[in-house]
Amino acid sequence: EYEALKPGQDAMHLLHLDQPLLEINITPDRGYTLSYRGVAREYHHSTGAAYTDPAVALNEKAPEPADYQPGTPVDIDVEIDDNNPIHGVPGCDRYYARIVKDFNPNAHTPNWMRRRLIRAGMRSISLAVDVTNYVMLDLGQPMHAFDMDTLESCQIIVRRAKDGEKITTLDSKEFTLTPQNLVICDGEKPVALAGVMGGLNSEIKPETTQLLFESAKFARDNIRKTARGLGQNTDASAHYEKGISEYTTELGMARALHLIQELGCGEVVSGTVEEGLPIKPLRVLPFEPAKYNALLGTSVTEEQMLAIFKKLEVEVRDGKDGKELVIPSFRQDLVGRADMAEEVARFFGYDKIPTTLPKGETTTGKLSFKLRIEQKARDIAEYCGFSQGMTYSFESPKV
């Protein structure tokens, strides 16, 4: 194959890196489209083209104690210590951890995976790291792999950073942290800046043979503030800022381990360590066809709407007060009536929605009881010599 190559040939073509690329812009609420599966799903919904879920099956075999040397970490304990969540929102909803032993340090990333990473703008680093990046591109679930030999103990603690605590990330940058930041610790020291980047002290090295895979769901607001506050915006933080589903978190772990087995580069140790809040049930919304039409100014039939929702993998079921819509886990943007009306509009066709003038009834206006009380209180305060200051809403509390 290589003997047939000639000077002057297009290297990009020979490396299969010259195929067309599709660049898309997404709105902040559609985080699920920050992945190949998400875009494929949208295409499937729009055109009916075939869509397949990722292969995640594992051939698990319980490890025999005789396989391990004394003191070798074969189990892990995970604790989420967030007794003081910011604004009542815990920094970590769910955390999954699994171990891969006897990882082959000489294993190389297959060319098909390298090509997909490169075409997505990422560089191939090592097989373990490439698998986690590939899962993030494939499913939209950021993951991380730790070198277990660098961990002080078999305990992982997810906690708020101590004020002034320091961490050096994989890009060799040192950061001074605050309790606003969430860190992953090995019982002694921070080994990762949660949702942003791993620590340099636990990076995967050429001689690494035991891996700890992490797949977690972190609070989107916390990750956004941490990334912006430290000036450390990464691919992982971009995904977390848009929102990650608890179901995708578990699926991402299964997909990564499936790839490890498929590539034959390590042995997956049985058992998943799972910690966090209970998985929330799927969101249920009432089916309100008349109100959707009122919002849109359309006359879409109930049957047409049900066909649209079926395309979107929204389950329709009978509830106490009529039909209900069960929203799939990956559609975290569908939270109310307006969102469902928007789905009807985009699949029915914006070009089919007629142009109409706004209309409404003319009624006698008057202040509400609350506003009348406020006005009276303002008059009394002014009579007593007080003056009112209307401050800018975007000023800081200090100002």
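Structure's up top.
In this convention, every chain numbers its residues from 1, walking through the sequence in written order. The predicted nature of this model means local features are confined to residues of pLDDT at least 70 and side-chain atom pairs, given and counted, to a pLDDT of 80 or more, with totals for whole chains, interfaces and linings taken over all residues. Values shown for side chains rest on all heavy atoms present in the structure; no hydrogens or waters enter the calculation.

### Some words on the nonpolar core
Counting 34 residues, the largest nonpolar core has Ile76, Tyr95, Ile156, Leu177, Ile184, Leu212 and Phe218 as its most contacted members. Elements are defined by DSSP. Helices are runs of H or I of four residues or more, strands are runs of E of two residues or more, and each kind is numbered from the N terminus. Elements supplying a minimum of two residues to this core: β2 (92–101), β4 (155–160), β7 (182–185), β8 (190–193), β10 (211–218) and α5 (220–230). Look past the residues within four positions of Ile76 in its chain and what remains in contact with it is Ala97, Ile99, Met148, Cys154, Gln155, Ile156, Leu212 and Val273. We define the nonpolar core as a collection of buried residues of types Ala, Val, Leu, Ile, Met, Phe, Trp, Tyr and Cys that are connected through side-chain atoms lying within 4.5 Å of one another. Residue exposure (1.4 Å probe, protein chains only): buried if accessible area is under 20% of the type maximum, exposed if over 50%, otherwise partly exposed. By size, the runner-up hydrophobic cluster in this structure holds 28 residues, among which are Val100, Phe103, Ala107 and Met253. We call two residues in contact when some of their heavy atoms are within 4.5 Å.

### Side note on the packing of helix α8 (residues 289–296) against helix α10 (residues 337–348)
Only the stretch in contact is used when a helix axis is fitted, and all axes are lines through C-alpha atoms; the angle between N-to-C directions ranges over 0 to 180 degrees. One way to put it is that α8 packs onto α10 with a least axis distance of 9 Å and a crossing angle of 75°. In terms of orientation, α8 and α10 fall into the roughly perpendicular class. Across from Lys291, Tyr292, Leu295 and Leu296 in α8, the residues of α10 making contact are Arg337, Ala338, Met340, Ala341, Val344 and Ala345. If an angle is under 35 degrees, it is roughly parallel; if it is over 145, roughly antiparallel; if it lies from 65 to 115, roughly perpendicular; otherwise it is oblique.

### Description of the environment of Gly164
As for its placement among the helices and strands, Gly164 is situated in the loop between β4 and β5 (166–168). Overall, the relative accessible area of 38% leaves Gly164 in the partly exposed class. Along the chain, Gly164 and Leu117 lie 47 residues apart, while their C-alpha atoms are 36 Å from each other. Those residues in contact with Gly164, other than ones at most four positions away along the chain, are Thr176 and Leu177.

### Remarks on the sheet that holds strand β14 (residues 315–319)
Following DSSP output, two strands are said to pair if at least two bridges run between them. Strand order in the open sheet formed by three strands is β13-β15-β14, and the pairing between neighbours is antiparallel. At either end of the open sheet lies a strand with only one pairing partner, and these are β13 (284–286) and β14. Between one strand axis and the next, the sheet turns through 35° on average, direction left out of account. Of the strand pairs in this sheet, β14 and strand β15 (residues 322–326) are connected by five bridges, and their pairing is antiparallel. Counterpart to Asp318 in the pairing with β15 is Lys323.

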